[in-house]
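Residues per chain, in single letters:
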Amino acid sequence: MMAFCRKLLSPTDFLPLPLSVQNSLRCIELNSPFSPKGITGITTDLIKSYFDEGSIEEAHSLFDEMPHRDVIAWTAMITGYTSCDHHNRAWNMFSYMLRDGVKPNAFTVSSVLKGCKELKALSRGKLVHGLAIKIGTQGSSIYVDNALVNMYATCCDSMDNARLVFEDIVTKNAVSWTTLITGYTHRRDAYGGLQVFRQMFMEEGELSPFSFSIAISACASIGSSNLGKQVHAAVINHGFESNLPVMNSILDMYCRCRCASEAKQLFGEMTQKDTITWNTLIAGFETLDSKESLCIFLQMVAEGFSPNGFTFTSVIAACANLAVLYCGQQLHGEIIRRGFDNSLELSNALIDMYAKCGNVADSHKIFSQMSLTNLVSWTSMMIGYGAHGHGKEAVELFNEMVRSGIKPDKIVFMAVLSACSHAGLVDEGLRYFRLMTSYYNVAPDREIYGCVVDLLGRAGRVNEAYELIENMPFKPDESIWVALLGACRKHKQPTMGKLAALKVLDMKSNKAGTYVLLSNIYAAEGNWADFASLRKLMKSSKNKKEVGRSWIELKNQVYSFVVGDRYVSSNEEIYEVLKLLIRHMKDVGYVLDLDLDCFVHDLEDET
DNA sequence: GTAGGGTTAG
């Protein structure tokens, strides 16, 4: 015992120790040897300090040396391990505690349940639930009840249990409500979450800003600005407008519901802003208007806010969307200067950016230099290869990924199938389509079938593509027929093309492009009666084909233009570059597809 | 001396 105290009080330990631990030791000095906490209490205090500083091993050895460990000390260890994401060590501590005959209290039970929740370990959670009933903590501690709801709401297939425990809570507090709403929302049942949110008002439950943020995030996840606006109004009515996380989630909701002007207005009216506010707007505009997203980024820096990894991930994605290589490279330099270049997510965004800017070699350079990769890194690299027609490299990368132990998901299969499709590796692609279910146990969905239709269609195997559509376990949607129609157009298959076009129009799709393609087919087969009636229909419905837009980056400025654009034509330098590009395309053997494209443009001019 | 819920990435 004396040796233990001497170790604790040794002045040589003071200097390298974290500040909070030093403070605890000073407290011992002040109180020792007649500390009111007792030596066990002071040591527990120290253990907590070590965990707070992330010094796990120090906390562990201190606990090992404790001559007497009470329930509070054990619980501090369990909580400490849980806070450092060492959930299995927390569970082991709990087992040792029970083995030592120490009776857990409500603090212990709620901490252990949190660990079960993090591990999504339902069976362990159920054991603890049983124990909680046995020792009488369920129903007597709101912390235990809420932790049970949280554990069941997070584990798979146990939402009913979460609901049962929740309904049994006599005095539900704000945490109980928020936990249940979060449970539904995080398992992608936004309507379920919003229903509980509504129930909370009806039962006059305790309101808190937390429940408002999660309800808003539920509205965002279903893209309902209508519901989002209602919750926004409730936020104002209940005086939560001054809560920054709530306002940030409303901003995110407007962005994700594609309400750009509402988002901009709210942002302008917000009196308080933090990095998350800026990042939310920048990330939101990355998909809504990438150029604007870059402008907001400049504004953020000008106003003295420090961009972080999230910020750079969004602006790099914006550069990818705009295909502005020079801008992306400058930002990459800034990322390295600021030391964010070892971020996994950011490296993934850079792989995508370089590939979309036509520089797949630099994508690979980033990919190969990454110390840590995940499924997204491999997928981004495969998408990059696929888009550049390097199907073989994409397939090799897929095999390498599987060898490295990463389990493929649906999206990586889409990347491989698309890469095979663009490189004409039809049989290779079909092999992966088969392996997907038979070997990798990934269920193909409608989008995967769309990829396979595209794979067959691009190669001109339109009949096989049609057969696949007819036999797939889903009702074909518009995009699948559009893919087949595109293939028929490319391979000049008017009969199948007519069928696909009629299917698209059957789906009440008012896509003018489909009308144009169908009328082209009628014209080509000399069916002038149908051609004329379709053109009449197009004129009456005022359908206009969305204009195809191209862009060119010149001297750090992006110019966007459409066919016959006078603005671009008047800029001599751009015109010269375009002429150069066309000459280069002809030199490498590209033949302009004039017959159909001119027809489309003629029609556009007329409508 | 030990316990809880929310907002930003293929």
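Residues numbered from 1 in each chain as written. Chains lettered and ligands numbered in written order. Predicted model: local features only at pLDDT ≥ 70, side-chain atom pairs only at ≥ 80, totals over all residues. Heavy atoms only, no water.

Per an unreviewed UniProt entry, chain A is named Pentatricopeptide repeat-containing protein At1g56570, and its organism is Cicer arietinum.

Enquirer: Hey, could you run me through the packing of aromatic side chains in this one?
Expert: One pair of aromatic rings is described through two measures. These are the centre distance and the angle between the planes. Enumeration according to the criterion identifies 21 aromatic pairs in this entry. Between Trp278 and Phe305, the ring centres sit 5.6 Å apart and the planes meet at 50°, which makes this aromatic pair tilted. Here Trp278, found in helix H17 (residues 275–288), pairs with Phe305, found in the loop between helix H18 (290–302) and helix H19 (309–322); they are 27 residues apart in sequence, far enough to count as distant. On the accessibility criterion, Trp278 (0% relative accessible area) is buried. Note on Phe367 and Trp378: the rings are 5.0 Å apart at their centroids and 85° apart in plane angle, and the pair reads as edge-to-face. In this pair, Phe367 sits in helix H22 (residues 360–369) while Trp378 sits in helix H23 (residues 375–387), placing the two residues 11 residues apart along the sequence. The exposure class assigned to Phe367 is buried, which follows from its relative accessible area of 7%. Connected via pairs of aromatic rings, a cluster forms that spans Phe398, Phe413, Tyr432, Tyr439 and Tyr440. (Phe/Tyr/Trp six-rings, centres within 6.5 Å; stacked < 30°, edge-to-face > 60°. Helix = DSSP H or I, 4+ residues; strand = E, 2+ residues; numbered from the N terminus. Buried < 20%, exposed > 50% of the residue type's maximum accessible area, 1.4 Å probe, protein only.)

Enquirer: Is there a simple way to think about the environment of Asn279 in this case?
Expert: Along the chain, Asn279 falls in helix H17. Setting aside its immediate chain neighbours within four residues, Asn279 contacts Met300, Asn308, Phe310 and Thr311. (Contact = heavy atoms within 4.5 Å.)

Enquirer: Please clarify how the protein's contact with DNA strand B should be interpreted in this entry.
Expert: Taken together, 50 residues surround DNA strand B, and among them Ile72, Asn146, Asn173, Glu345 and Thr379 come closest. When atoms of DNA strand B within 4 Å of the protein are sorted by moiety, sugar and phosphate together comprise 29%. The side chain of Ser110 places a nitrogen or oxygen atom 2.9 Å from a base nitrogen of DNA strand B. Here a base nitrogen of DNA strand B and a side-chain polar atom of Glu345 are 3.1 Å apart. Here the surface near DNA strand B is built from residues that sort into 18 nonpolar, 24 polar and 8 charged. (Near = heavy atom within 4 Å. Polar contact = N/O pair within 3.5 Å; in protein donor to acceptor, adjacent residues only side chain to side chain. Nonpolar A, V, L, I, M, F, W, Y, C, P; charged D, E, K, R; others polar.)

Enquirer: Is there a simple way to think about the UniProt feature "repeat: PPR" (unreviewed entry) in chain A in this case?
Expert: When the UniProt feature table is mapped onto this chain numbering, "repeat: PPR" (unreviewed entry) sits at residues 70–104, 243–277 and 374–408. Along residues 70–104, the helical share is 74% and the strand share 0%, with 10 Å between the first and last C-alpha atoms. Here residues 374–408 is 74% helix and 0% strand, with 11 Å between the C-alpha atoms at its ends. (UniProt positions renumbered as here; feature names shortened; annotations may be inferred.)

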